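An overview of the molecular structure
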Amino acid sequence: MTGIPMQQAPTVYRRKLGDTVITLLNDGFEDYSFDIVHHITRPEAEHLLRAAGLPPIARMPVHAFLIQDGRHTTLVDSGDANCMGTGGYLLSALRVAGVAPAEIDTVLVTHAHTDHIGGLLAPDGARVFPRAEVVLHEEEFRFWSDDANFGPERQRMLPVRALALRVFEIYRSSLRTVTGGEVLPGIVLEPLPGHTPGHSGYRVTSKGESVLIWGDIVHLADIQIPRPEATLVFDVDAPLAEATRRRVLERAASENLLIAGMHLQFPGFLRIVRDDSSFALRPERWSPALD
Ligand SMILES: [Zn+2]
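Note that the structure is predicted; figures quoted are calculated from it, not measured.

Rules and cut-offs
- Residues numbered from 1 in each chain as written.
- Predicted model: local features only at pLDDT ≥ 70, side-chain atom pairs only at ≥ 80, totals over all residues.
- Heavy atoms only, no water.
- Pairing = 2+ DSSP bridges.
- Helix = DSSP H or I, 4+ residues; strand = E, 2+ residues; numbered from the N terminus.
- Axes fitted to C-alpha atoms, helices over the stretch in contact; angles between N-to-C directions.
- Contact = heavy atoms within 4.5 Å.
- Salt bridge = Lys/Arg side-chain N within 4 Å of Asp/Glu carboxyl O.
- Buried < 20%, exposed > 50% of the residue type's maximum accessible area, 1.4 Å probe, protein only.

Some remarks on the sheet that holds strand β8 (residues 175-178)
Taken in spatial order, the seven strands make up an open sheet running β1-β2-β4-β5-β6-β7-β8, and their pairing is mixed. Of all strands in the sheet, those bounded by a partner on one side alone are β1 (12-17) and β8. Mean inter-strand twist for the sheet, computed between neighbouring axes without regard to direction, equals 25°. Pairing of strand β5 (residues 73-76) with strand β6 (residues 106-108) involves three bridges; the strand directions are parallel. Along β6, the bridge assignment pairs V76 with L108. Contacts between helix α4 (residues 138-145) and the sheet are confined to β7 (133-137) and β8, with β7 contributing the most and set at about 85° to the helix.

Regarding the pattern of salt bridges
A full pass over the atoms with the stated rule returns 19 salt bridges. Note that E284 and R15 form a salt bridge whose closest N and O atoms lie 2.8 Å from each other. Separated by 269 residues along the polypeptide, E284 in the segment after β16 (278-283) and R15 in strand β1 bring together distant segments of the chain. Comparing E284 with R15 shows no difference in burial state: the two are buried. Note that E138 is salt-bridged to R142, the shortest N-O span being 2.6 Å.

All quantities given are derived from atomic positions and should not be read as evidence of function.
Right, dumping it as structure tokens:
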């Protein structure tokens, strides 16, 4: 074989939580211009990234998470199926994790943006997860389904909406909309609105241990955790997204809550601590063992 690799190898990371195993499945990444980040200057944003040892570019990893408790196999989000050009590796990662698409019982959706649900659709428009029930917040379903929400000011969101509607349609017979509470044994949906109206986190608890899979509470963690006021152009309601982010960061710091996130740096788990008047992140290190 000649040449050098041009992309990352399939990336997974397993972490034990009580009797359950949570597995990060990387789908790829997205690169943006800093124009998408508001309420922070570009030099400030670049400084925070450099200080964290990251390149000074708005690069977001995209992950989904697999939850296996021995009875039920659950996926949280699905990556983007390469709709954005640098993703679509979810199924390779799932294969590395030893799970076939037909083994997925439930897909829990944090919100209906393309990088979270695109992977539910095969290139021919069929279901990728033939047996899976798909769970999402009722408000998320309502928002994307209602024509009244997509007037001239939201033209930019129409392709995202079109994909969401295709996913809703293809999984229509197995779609379950909820407003909160326990959606599966040991898994509670927590409404975290703002980024989208029905944006939700999933809190997984097993044997007294807990993780909050918080979806898109941050897209660029090293910027938005110390500077929660930094909002994104993709936030449907930016002030509410900021308020929700502050509320979750406050709670995560007070409770020393383990966090997993769709756009966190590998291996995708961290804790939050207070830092002067703001917050700082304490990423968990990769562990070679499942204990
Ligand atoms: Zn996202």
